[in-house]
Amino acid sequence: HRTLKSSYRRLVDRINRFPQGAPPHELLYRILEVLFSEKEAELLAVVPLVPFTAEEAARRWDMDASAAEKILDALASRAMVMDLEHDGRRKFALPPPMAGFFEFSMMRVRGDLDQKLLAELYYQYLNVEEDFVKKLFTDGETRMGRAFVAEPVLSNENALHVLDHERASHVFRSAKHIAVGVCYCRHKMMHMDRACDAPLEICTTLNTAAQSLIKHGHAREIDVAEGLDLLDQARDLGLVQFGENVRQGVNFICHCCGCCCEALIAGRRFGHLNPIHTTNFLPVVQDGCKGCGRCVKACPVEALSLVSANDPERPKRRRARLDENVCLGCAVCVSACRNHNLTLASRPERVLTPLDTFQRTVIMAIERGSLQNFIFDNRLHMSHRAMAAVLGVILGLPPVRRTAAASMMRSRYLEALIDRLSPY
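Rules and cut-offs
- Residues numbered from 1 in each chain as written.
- Predicted model: local features only at pLDDT ≥ 70, side-chain atom pairs only at ≥ 80, totals over all residues.
- Heavy atoms only, no water.
- Helix = DSSP H or I, 4+ residues; strand = E, 2+ residues; numbered from the N terminus.
- Buried < 20%, exposed > 50% of the residue type's maximum accessible area, 1.4 Å probe, protein only.
- Contact = heavy atoms within 4.5 Å.
- Areas by Shrake-Rupley, 256 points an atom, 1.4 Å probe, with all protein chains shown as cover.
- Phe/Tyr/Trp six-rings, centres within 6.5 Å; stacked < 30°, edge-to-face > 60°.
- Lys NZ or Arg CZ within 6 Å of the ring centre and 35° of its normal.
- Salt bridge = Lys/Arg side-chain N within 4 Å of Asp/Glu carboxyl O.
- Axes fitted to C-alpha atoms, helices over the stretch in contact; angles between N-to-C directions.
- Parallel < 35°, antiparallel > 145°, perpendicular 65-115°, else oblique.
- Nonpolar A, V, L, I, M, F, W, Y, C, P; charged D, E, K, R; others polar.
- Polar contact = N/O pair within 3.5 Å; in protein donor to acceptor, adjacent residues only side chain to side chain.
- Pairing = 2+ DSSP bridges.

(A) Highlighting the overall build of the chain. In terms of helices and strands, the chain carries 21 helices and 12 strands. Residues counted as buried form 54% of the 424 residues belonging to the chain. Taking contacts inside the chain between residues at least 6 apart in sequence as the whole, the part at least 24 apart equals 71%. Approximately 19600 Å² of the chain is accessible, and the part contributed by carbon and sulfur atoms is 51%.

Okay, here's the thing in structure tokens:
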């Protein structure tokens, strides 16, 4: 049993070298035992943090490349690793737990996994215990995901301030691949008898993530028209578009409800820690607000409440009040207001979005003090271990200095360089 656990402990250590880690917990070990065999855990514990070829895996695993590729194919067929095409070469990547193999294990109904058991374990680890969700959504300043504004409620003036990457419709139109699968969050809640009535088959992945999931039958490929129809359907139901926090190569856009979605639940639990990058808008309550409460009910993160309107002639009159520190700027509340007493205004400071997955990951690594894991991604080599320790000391400097380093990562020069060198 100790040998079995040690394989999974090493895999947990590998997972936590990535900025989007998962705090060790008995529940996490139980989840990994359902998803991976002991041998798979042992092998995945030593794969690179960035996408790698079967040949690179074979060298680390000390086996023939064809044997390594067979193992990787088996893992990809279960959506435990991503199967990617980059510069005409086939590469693989171990995704983080979220957004990653936790979701992929529930993106279709399947018989090779005990999905009810997984749902119960996920619920306990993510919804009852707080460590994982708090670490995922509140560590550092740069977040995994961001909200998209509900485009139909944008005024002509608002529309002038919305960049292409801030429109979910543009992300769909520019994606190389689009896929739809079962919503992990609602599927999990369904097994817990807590699911809402929102559609189940509405979770959309895009680009490289979609390509891998389509290839191995975990999601259904759709065209742009169907993707835009799903977007309209989700907006009509008051769902929030929550997508990857990047400008280029967005890999997912979820259509989230406040009752099931992990990100929006985190928004309510830790709202003032800003667990989700907001849009560049805030709703403004107009003087004519009648206090009907529709916007309050629609808000997925409880950023709106009803308070006294301080009307001496009508002492019982109420009106909506916004907590700007919690608001996502998704404009779901604006859509819900039938009296047109909510409008959108630009935030005082523009919200910055990382260029792509590679840049966001590096920035998150700097903020979380784990950049050395990417620079020296070979713990079997003593000099690498020593250099990693030295760099770890540098990254252990006060947060203000690490934040300054993260700001430098956003330079235009670096963006151009990353655009050329990014492995994603």
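(B) Structural view of helix H17 (residues 357–367). With 10 of its 11 residues buried, H17 lies for the most part within the structure. Considered for burial, the residues of H17 that qualify are Thr357, Gln359, Arg360, Thr361, Val362, Ile363, Met364, Ala365, Ile366 and Glu367. Phi for Gly369, located one or two positions after H17, is positive at around 70 degrees.

(C) Representation of the packing of aromatic side chains in the model. Applying the stated criterion across every chain yields a total of eight aromatic pairs. Each member of the aromatic cluster is reached from another via a ring pair, and the members are Phe36, Phe101, Phe102, Tyr122, Tyr125, Phe132 and Tyr184. The aromatic ring of Tyr29 is capped on one face by Arg9, whose charged end is 5.9 Å from the ring centroid.

(D) Broad picture of the pattern of salt bridges. Going through the model one piece at a time under the given rule, you end up with 19 salt bridges. Among the ionic pairs, Arg350 bridges to Glu166, the shortest N-O distance being 2.9 Å. In this pair, Arg350 sits in the loop between strand E12 (342–346) and H17 while Glu166 sits in the loop between helix H9 (156–159) and helix H10 (168–174), placing the two residues 184 residues apart along the sequence. Glu166 sits in the buried class, given a relative accessible area of 10%. In this structure, Arg220 engages Glu201 in a salt bridge whose closest nitrogen and oxygen atoms are separated by 3.6 Å. Linking Arg220 in strand E6 (residues 220–221) with Glu201 in strand E5 (residues 201–206), this pair joins segments that are 19 residues apart in sequence. Judged by its relative accessible area of 38%, Arg220 is partly exposed.

(E) The packing of helix H7 (residues 115–128) against helix H14 (residues 262–269), seen in detail. Put simply, H7 and H14 touch, their axes get as near as 11 Å, and they point 30 degrees apart. When the axes of H7 and H14 are compared, the pair comes out roughly parallel. On H14, the residues touching Leu126, Asn127 and Val128 of H7 are Glu262, Ile265 and Arg269. In the contact of H7 with H14, the residues fall into three nonpolar, one polar and two charged.

(F) Just the environment of Asn251, in detail. Along the chain, Asn251 falls in the loop between strand E7 (240–244) and strand E8 (252–256). Here the alpha-carbon distance between Asn251 and Thr205, two residues 46 residues apart in the chain, equals 5.6 Å. Excluding anything up to four places from it in sequence, Asn251 contacts Thr205, Leu206, Asn207, Thr208, Ala209, Glu244 and Thr357. A polar contact is formed between the side chain of Asn251 and the side chain of Thr208, at a distance of 2.8 Å.

(G) Layout of the pairing of strand E4 (residues 178–182). Most of E4 is tucked away, with five of its five residues classed as buried. In the sheet, E4 pairs with E5 via five bridges, with the strands oriented antiparallel. When the bridges of E5 are listed, Gly181 appears paired with Cys203. In the sheet, E4 pairs with E6 via two bridges, with the strands oriented antiparallel. Bridge assignment links Val180 to a residue of E6, and that residue is Arg220.

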